[in-house]
There are 2 protein chains.
Amino acid sequence: MKTTSKQNLLAIALVGALVFTSVHARAQDPLPAWNDGATKKSITEFVAKVTTPGSPDFVPVPERIATFDNDGTLWSEQPLYVQLFFAIDRVKALAPSHPEWKTNEPFAALLKGDVKAALAGGERGLLEIVMATHAGMTTEEFNQTVKDGIATAKNPKTGKLFTEMVYQPMLELLACLRAKGFQTFIVSGGGIEFMRPWTEQVYGIPPEQVVGSSGKLKYEMRDGRPVLVKLPEIDFINDKDGKPVGIQMHIGRRPIAAFGNSDGDRQMLEWTGAGSGARLLMLVHHDDAAREFEYGAKSPIGTFSDALMVEAREKNWNVISMKNVGQPSSPPNRE
Amino acid sequence: MKTTSKQNLLAIALVGALVFTSVHARAQDPLPAWNDGATKKSITEFVAKVTTPGSPDFVPVPERIATFDNDGTLWSEQPLYVQLFFAIDRVKALAPSHPEWKTNEPFAALLKGDVKAALAGGERGLLEIVMATHAGMTTEEFNQTVKDGIATAKNPKTGKLFTEMVYQPMLELLACLRAKGFQTFIVSGGGIEFMRPWTEQVYGIPPEQVVGSSGKLKYEMRDGRPVLVKLPEIDFINDKDGKPVGIQMHIGRRPIAAFGNSDGDRQMLEWTGAGSGARLLMLVHHDDAAREFEYGAKSPIGTFSDALMVEAREKNWNVISMKNVGQPSSPPNRE
């Protein structure tokens, strides 16, 4: 990715339609925020060979499936998962009517502000917090809560709206793939119902192309009107081993391209890579403390383990170093 | 539906592309197999008002979602569910290595040929049979088994391929809606992995637009290659109360049109109907013993209860009488 200012790299939230237009206007380079180099070349060569009729690697349009992790791949997951940020607010708001949370973990730790201790239970612990704080709401009420929250909530470190903390190069990649007939799915450990209210506006990805973790739902009548009520039970965790399962359940075809940034994405890349034909497999590596955050392999807050780096090297997955891929070059058009 | 011969009503399996072409060639009537009458008028008026720019009922393309039950709505479910037909074969084939099935129900009843007793446990019993007989297979192996089976298996009563037992009027309706920007989803109690290998060819519906019941899957490595293995556990039953849940999980938007034929579809129609704006809600009623099968309300094998008929009348859902909707008229073009 090009060496632009931290602000430009991170902070440009464009709706899909605008990105799409902008890509068409610069048909000679659909990826202007990506520096010329091996990574960009991998992308453009892959897209050309799977979409050029007559190419030995040609893939028919219905099979052009690309899957993207969300947290840390499409938008920033630092200094904390956005969904956790919302859950903390909700735990605080509901605490007066839940006196037991003062002593029950992970709620007690969260209420004391100790996020690290609260997350000691891993993804399941996080999901349990999320489920517990939204149980009893209908899907429509939850949808509205998320829409209202995401419209104003800001990253505590940068002071920007979370929806402004999306990666411009990835927006360009999404639009570039869609312009070539791809369906671009999100496949995230985050809550499916948490993402859907805003992914269409922010990424151009409609709800039916969002795969995520879920809680159980119950169909019932309220005041003579049918509703779906959120239950405090985990239905499915769409992370690690769960990602290929989520892909199979929701898409039913093996992707030909997959993009992630952490150990949670390993199995998605393995599953995608195990199909026959050309593949594009990429991991974003957050190693750029100057312009963004450094928390990849070797970092104490890292979710990109040394083992993942070894597997990536062995299997020739593209590791996108946020720091090193971009060589200083001519500034991007927008500067 | 028009009063054509039994053969023509039932037996015309065209791939989606052909139907699509045929619809375009007769632009003046995209639904030639439907008789002129109230039902056809409901369809054409609905499609016109939600797709005409400037109409007060206009619906943007991404929100044009239509959901279709499969068994009994898109293809024949008589004299038995096709998936059950396959499961019986499989139970017989596996019986030698499962001596316990001789005494354990529902397997014992199935092996004795008593389908009715085997299904006394309802949808869950049927799914348990299906899960048990495919446990340990990978999704790829199962996919191939279904593809091979569906290519040759024939309806025991009509002697036709199951894929020839699809309803021509519904193929036209699917194509007509897609030509107007709709996404046409299957939302069936049948197994999601059982339908996907053939729905694209038979209905023009791709795997990612098939919602169904599912078993649990496990990601694992076999000979160094990642696979998804089918476990003998039910994951989700996409029937009755489950249909709105399945719609929410897979699509994440409320449909504006829904089509079913039994009590299993009641909640899907209720959920679809509870949204604001124009709606098209239809139930196929199998009351035509002469040309097809009679098993609707009042029939001992019926799954269309009197209570459903009452609800349909109260809520003005369109009930498509297979016998009465079609008035004798000029024969369809293809005869």
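Now for a look at the structure at hand. (Residues numbered from 1 in each chain as written. Chains lettered and ligands numbered in written order. Predicted model: local features only at pLDDT ≥ 70, side-chain atom pairs only at ≥ 80, totals over all residues. Heavy atoms only, no water.)

## Brief notes about helix H3 (residues 38-51) of chain B
All names here are of chain B. The end-to-end C-alpha separation of H3 is 20 Å, in line with the 20 Å expected for 14 residues at 1.5 Å each. Those residues of H3 lying buried are Thr39, Lys40, Ile43, Phe46, Val47, Val50 and Thr51. Looking straight down H3, one finds its buried side chains confined to an arc of 135°; they lie on one side. Summarising the contacts, the buried residues of H3 are in contact with helix H9 (168-179), strand E5 (257-260), strand E6 (280-285) and strand E7 (318-321). (Helix = DSSP H or I, 4+ residues; strand = E, 2+ residues; numbered from the N terminus. Expected span 1.5 Å × (residues − 1). Buried < 20%, exposed > 50% of the residue type's maximum accessible area, 1.4 Å probe, protein only. Arc of directions from axis to C-beta. Contact = heavy atoms within 4.5 Å.)

## Quick word on a negative patch on the surface
A contiguous patch of negative charge, built from Glu233(A), Asp235(A), Glu233(B) and Asp235(B), is present on the exposed surface. Put simply, the parts of the chain that give the negative patch at least two residues each are strand E4 (225-236) of chain A together with strand E4 (225-236) of chain B. Following the sequence through the fold, Asp235(B) ends up in strand E4. (Patch = residues over 30% accessible without salt bridge, like charges linked within 9 Å, V, L, I, M, F, W, Y side chains within 5 Å. Areas by Shrake-Rupley, 256 points an atom, 1.4 Å probe, with all protein chains shown as cover. Salt bridge = Lys/Arg side-chain N within 4 Å of Asp/Glu carboxyl O. Lys, Arg positive; Asp, Glu negative; His and termini not counted. Charge placed at Lys NZ, Arg CZ, Asp CG, Glu CD.)

## Regarding the interface of chain A and chain B
With 35 residues of chain A at the contact, the number on the chain B side is 35 residues. When chain A packs against chain B, the two sides together hide about 3,000 Å² of surface, and 55% of this comes from carbon and sulfur. Sorting the residues of chain A by area buried against chain B places Glu208(A), Tyr219(A) and Met249(A) first, and these three jointly supply 23% of that buried surface. Scanning the region where chain A abuts chain B turns up six salt bridges. Close ionic contact of Glu208(A) with Arg253(B) constitutes a salt bridge, the shortest N to O distance being 3.5 Å. Linking chain A to chain B there are 18 residue pairs in polar contact (both at pLDDT 80 or more). (Buried area = accessible area lost by both parts, 1.4 Å probe. Polar contact = N/O pair within 3.5 Å; in protein donor to acceptor, adjacent residues only side chain to side chain.)

## A word on the sheet that holds strand E2 (residues 183-191) of chain A
Pairing is mixed across the open sheet formed by seven strands, whose spatial order is E4-E3-E2-E1-E5-E6-E7 (chain A). Looking at which strands have only one partner, the edges of the open sheet turn out to be E4 and strand E7 (318-321) of chain A. Direction aside, the axes of adjacent strands within the sheet are offset by 30° on average. Relative to strand E6 (residues 280-285) of chain A, strand E5 (residues 257-260) of chain A is paired through four bridges, and the arrangement is parallel. Within E6(A), the residue paired with Ala258(A) across the bridge is Leu281(A). Contacting strand E3 (210-222) and E4 of chain A, helix H11 (residues 242-250) of chain B runs over the sheet at an angle of about 150° to E3(A). (Pairing = 2+ DSSP bridges. Axes fitted to C-alpha atoms, helices over the stretch in contact; angles between N-to-C directions.)

## Some remarks on unusual backbone geometry
Residues and elements named next belong to chain A. In this structure, the amide linkage connecting Gln78 to the following residue, Pro79, adopts the cis form with an omega of 0°. Residue placement: Pro79 occurs in the loop between strand E1 (65-68) and helix H4 (82-94). Put simply, Glu105 and Pro106 share a cis peptide bond, and its omega is 5°. Mapped onto the secondary structure, Pro106 falls in the loop between H4 and helix H5 (107-111). Residue Asp223 is not a glycine yet carries a positive backbone phi of 50°. Along the chain, the position of Asp223 falls in the loop between E3 and E4. Looking at Asp223, the relative accessible area reads 84%, which means it is exposed. Despite not being glycine, Lys240 shows a phi value in the positive range, around 55°. Topologically, Lys240 is positioned in the loop between E4 and helix H11 (242-250).

## As for the packing of helix H8 (residues 139-152) of chain A against helix H10 (residues 192-203) of chain A
Residue and element names in this part refer to chain A. As a packed pair, H8 and H10 sit with axes 9 Å apart at the nearest point and diverge in direction by 60°. The angle between H8 and H10 falls in the class oblique. Of the two possible hands of crossing, H8 and H10 adopt the one that is right-handed. On H10, the residues touching Thr139, Phe142, Asn143, Val146, Lys147 and Ile150 of H8 are Glu193, Phe194, Pro197 and Trp198. In terms of residue class, the contact of H8 with H10 is made up of six nonpolar, two polar and two charged. (Parallel < 35°, antiparallel > 145°, perpendicular 65-115°, else oblique. Left-handed = near helix turned anticlockwise from the far one by under 90°. Nonpolar A, V, L, I, M, F, W, Y, C, P; charged D, E, K, R; others polar.)

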